[in-house]
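# Reading the structure
Chain by chain, the residues:
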Amino acid sequence: MCTDLLTRQPTSNDVKRDMKNSSTESLRVAVVGGGIGGLSAAHALRRRGMDVTVYEQAKSLGEVGAGVFIYPNSLRQLERTGLGDAMAEVGARVGSGSQYYRMDGTVVGPILTTDSRGWNGMYGMHRADLLDALARAQPSNAVRTDHRCIGFEQDDTVARLTFANGATAEADVVVAADGIQSVLQKHVVAPQPPEYSGVRAYRGLITREKLPQWRDEAHQVWMGDGKHFMVFPVRSGRLLNYVGFVPTTSETVESWSAKGDRDELAASFDGWDPRVVDLLDKVETCFWWGLYDRRPLQSWTRGRLVLLGDAAHPMLPHLGQGANQAIEDGVALAVLLEGCSPVAVVDVLPRYERLRRARTDVIQAEARQNGLRYDSKYESLEQRDREIANSAAFRKSLYDYDVEQAAIACRDHGEDLPAHAVLSAHAGD
Ligand SMILES: Cc1cc2nc3c(=O)[nH]c(=O)nc-3n(C[C@H](O)[C@H](O)[C@H](O)COP(=O)(O)OP(=O)(O)OC[C@H]3O[C@@H](n4cnc5c(N)ncnc54)[C@H](O)[C@@H]3O)c2cc1C
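Note that this is a predicted model, so its numbers are computed, not measured. (Residues numbered from 1 in each chain as written. Predicted model: local features only at pLDDT ≥ 70, side-chain atom pairs only at ≥ 80, totals over all residues.)

## Details of the overall build of the protein chain
Along the protein chain, the regular secondary structure elements total twelve helices and 20 strands. Considering the protein chain as a whole, with its 429 residues, one finds that 47% of them fall into the buried category. When contacts within the protein chain are restricted to residue pairs at least 6 apart in sequence, those whose partners lie at least 24 apart make up 77%. (Helix = DSSP H or I, 4+ residues; strand = E, 2+ residues; numbered from the N terminus. Buried ≥ 20, exposed ≤ 12 C-beta atoms within 10 Å, placed from the backbone. Contact = placed C-beta atoms within 7 Å.)

## Quick look at the site of the ligand
Surrounding the ligand, one finds 34 residues, the nearest of these being Gly-33, Gly-35, Gly-179, Gly-309 and Gly-322. For the shell around the ligand, the secondary structure elements donating two or more residues are α3 (36-47), β3 (67-70), β13 (195-207), β18 (286-293) and α8 (322-337). When residues of the shell around the ligand are assigned to their parent elements, the largest contribution, four residues, is made by α8. The residue makeup of the shell around the ligand, split by class, is 17 nonpolar, twelve polar and five charged. (Near = placed C-beta within 6 Å. Nonpolar A, V, L, I, M, F, W, Y, C, P; charged D, E, K, R; others polar.)

## Considering the confidence of the model for the protein chain
On average, residues of the protein chain score 89 in pLDDT, and 89% of them reach the 70 mark or higher. Considering only residues more than four positions removed or in separate chains, one finds that residues 1-23, a stretch of pLDDT under 50, has 28 contacts. The low-confidence segment residues 424-429, where pLDDT is below 50, has 13 contacts with residues more than four positions distant or belonging to other chains. (pLDDT = per-residue confidence, 0-100.)

## So, the packing of α3 against helix α5 (residues 127-136)
It is at 9 Å that the axes of α3 and α5 come closest, and there the two elements cross at 30°. As far as their axial angle goes, α5 and α3 are roughly parallel. As for how α3 packs across α5, the hand of that crossing is left-handed. Residues Ile-36, Leu-39, Ser-40 and His-43 of α3 form the contact with α5, whose participating residues are Leu-130, Leu-131, Leu-134 and Ala-135. Across the contact of α3 with α5, the residue classes break down as six nonpolar, two polar and no charged. (Axes fitted to C-alpha atoms, helices over the stretch in contact; angles between N-to-C directions. Parallel < 35°, antiparallel > 145°, perpendicular 65-115°, else oblique. Left-handed = near helix turned anticlockwise from the far one by under 90°.)

## Focus: the nonpolar core
By size, the foremost hydrophobic cluster in this structure holds 116 residues, and its most contacted members are Val-32, Val-174, Val-175, Ala-176, Val-306, Leu-308 and Leu-333. Looking at which element gives the most residues to this core, the answer is α8, with ten residues. Not counting the four nearest positions on each side in its chain, Val-306 is found in contact with Val-173, Val-175, Ala-176, Trp-300, Thr-301, Leu-333, Leu-349 and Tyr-352. (Core = buried A, V, L, I, M, F, W, Y, C linked by C-beta atoms within 7 Å.)

## A short note on unusual backbone geometry
One non-glycine residue, Ser-236, lies in the positive phi region at around 55°. Relative to the assigned elements, Ser-236 resides in the loop between β15 (228-234) and β16 (239-247). By C-beta crowding, Ser-236 is classed as partly exposed, having 17 other C-beta atoms within 10 Å. Unlike most non-glycine residues, Ser-376 shows phi in positive territory, near 55°. One can find Ser-376 in the loop between α9 (345-374) and α10 (381-400).

## Quick word on the sheet that holds strand β10 (residues 159-163)
If you trace the three strands from one edge of the open sheet to the other, you get β9-β10-β11, paired in antiparallel fashion. Only two strands of the sheet have a single partner each, and these edge strands are β9 (149-154) and β11 (168-171). The sheet shows a mean angle of 20° between the axes of neighbouring strands, taken without regard to direction. The pairing of β10 with β11 spans four bridges and is antiparallel. Bridging from a neighbouring strand, Ala-159 pairs with Ala-171 of β11. (Pairing = 2+ DSSP bridges.)

## Comments concerning the environment of Val-64
Mapping Val-64 onto the fold places it in the loop between β2 (51-55) and β3. Assessed through the 12 C-beta atoms surrounding it within 10 Å, Val-64 is described here as exposed. Taking the C-alpha atoms as reference points, Val-64 and Arg-127, separated by 63 residues in sequence, lie 7.2 Å from one another.

## Quick word on the sheet that holds strand β1 (residues 28-32)
Sheets are built from strands paired through backbone hydrogen bonds, the pairs being either parallel or antiparallel. Sheet architecture is open: six strands sit in the order β8-β2-β1-β12-β20-β19, paired in mixed fashion. The outermost strands of the open sheet, each flanked by one partner alone, are β8 (143-144) and β19 (301-302). Pairing of strand β12 (residues 173-176) with strand β20 (residues 305-307), which is carried by three bridges, proceeds in the parallel orientation. Bridge pairing in β20 links Ala-176 to Leu-307.

## Quick look at α8
Counted at 1.5 Å a residue, the expected span for α8 with its 16 residues is 22 Å, and the 23 Å between its end C-alpha atoms agrees. Counted residue by residue, α8 has 16 buried out of 16 residues, so it is predominantly covered. Remark: Gly-339 follows α8 within two positions and exhibits a positive phi of approximately 75°. (Expected span 1.5 Å × (residues − 1).)

## Looking at the packing of helix α4 (residues 72-90) against α8
The interhelical angle for the contact between α4 and α8, taken along N-to-C directions, is 45°, at an axis separation of 9 Å. In terms of their interaxial angle, α4 and α8 are classed as oblique. Considering only the axes of α4 and α8, their crossing is left-handed. Note on element contacts: α8 touches α4 through Asn-324, Ile-327, Glu-328 and Val-331, opposite Asn-73, Ser-74, Gln-77 and Leu-78. Its residues placed into classes, the contact of α4 with α8 shows three nonpolar, four polar and one charged.

Given below as structure tokens:
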């Protein structure tokens, strides 16, 4: 049954049937954090009949310039919830010419850009464009900006939030989508700091016009000694997003908006493939970001409080899945909470955790391993190259997964899919 559900595309009838079964009583959901995870979850929850309010600490919704991949596993969900056109409008299709290279430009192999059916559901997105599309999908009164959550408490009947501006809110469920530095996480598990990977990511955008020879749709990854560099298009192909991953001895601030040193970045890739050197020559400014993750947390839920996205499972970006998994989380939560009474919430949230972590625990670990491959931390590069080739099978199982169907199976038949059912092949196998 699991297999059928994992390979079958849901029809509009499935969705209509699911919607019809929903309770008419609206569950009140407070989402803390208006990032990619929070806004996409709010959209999914609302679509399944819940009364959702998002509380974001910033004065306005927004993201600084950088790219993010949207892969088939989350794009099929976004399309199903009516956001397909918005994605197509601002995304840059990523496909032909996508390759892995050694640092000198020797080709290692192709990068998979489809699911098993050959569906090329893959966009490079400017983060601001993605967030904007998600924000436009929210009703006007459903997002409260300038609301920094500072307190949480709950009892048998309700959860309460307090905010730095003096406001308070009550809800049947609180979704903590407040990122890797989550303030709500400590109400679920004992605090433990994120782990620094020893790598700094320099990233930025460059106009496509500055690189007329560049391959339009290509995701390209150059893998060198302890470092790697990647480029992919965003904003309908008008901009190229680049990221240089460089080891550091000191921890780097974990922020999307810390200014990087472009000379230091260029020097880090001196002598690499001339295409990389040429691109970096044209870079004027860049940002940097220290890469952190966490080992899987002991728990994601307590009573009416549930963690989602980076608050639950921050992962290194070496599979490009952090935002995609956050989007999946929201869909799973929406399916499982649909039609649920306020009393039953506390029984349902642990099922969301079990369903999701079977998948995210594996992806968190595999993202770390993929970073070692990209940084060539292998005694034998031939072995590394073999694993890169094998990683297509892992990526296929990643991209084929349909979280909505998995959550429906879990809800209707009490199935908690084991990890091997959702991720069948590891690159290292
Ligand atoms: C270099 C790099 C490249 C990446 N590339 C990709 C990629 O290609 N594909 C991909 O899927 N993922 C990628 N990721 C990961 C991805 O960016 C994250 O996983 C994703 O943004 C997590 O979304 P989130 O909503 O959970 O958290 P965040 O995006 O961190 O959002 C959290 C939100 O909560 C708000 N907030 C925080 N505290 C409070 C509070 N107390 N009260 C109210 N609001 C609060 C914040 O202001 C923010 O808006 C990459 C990450 C890095 C570092």
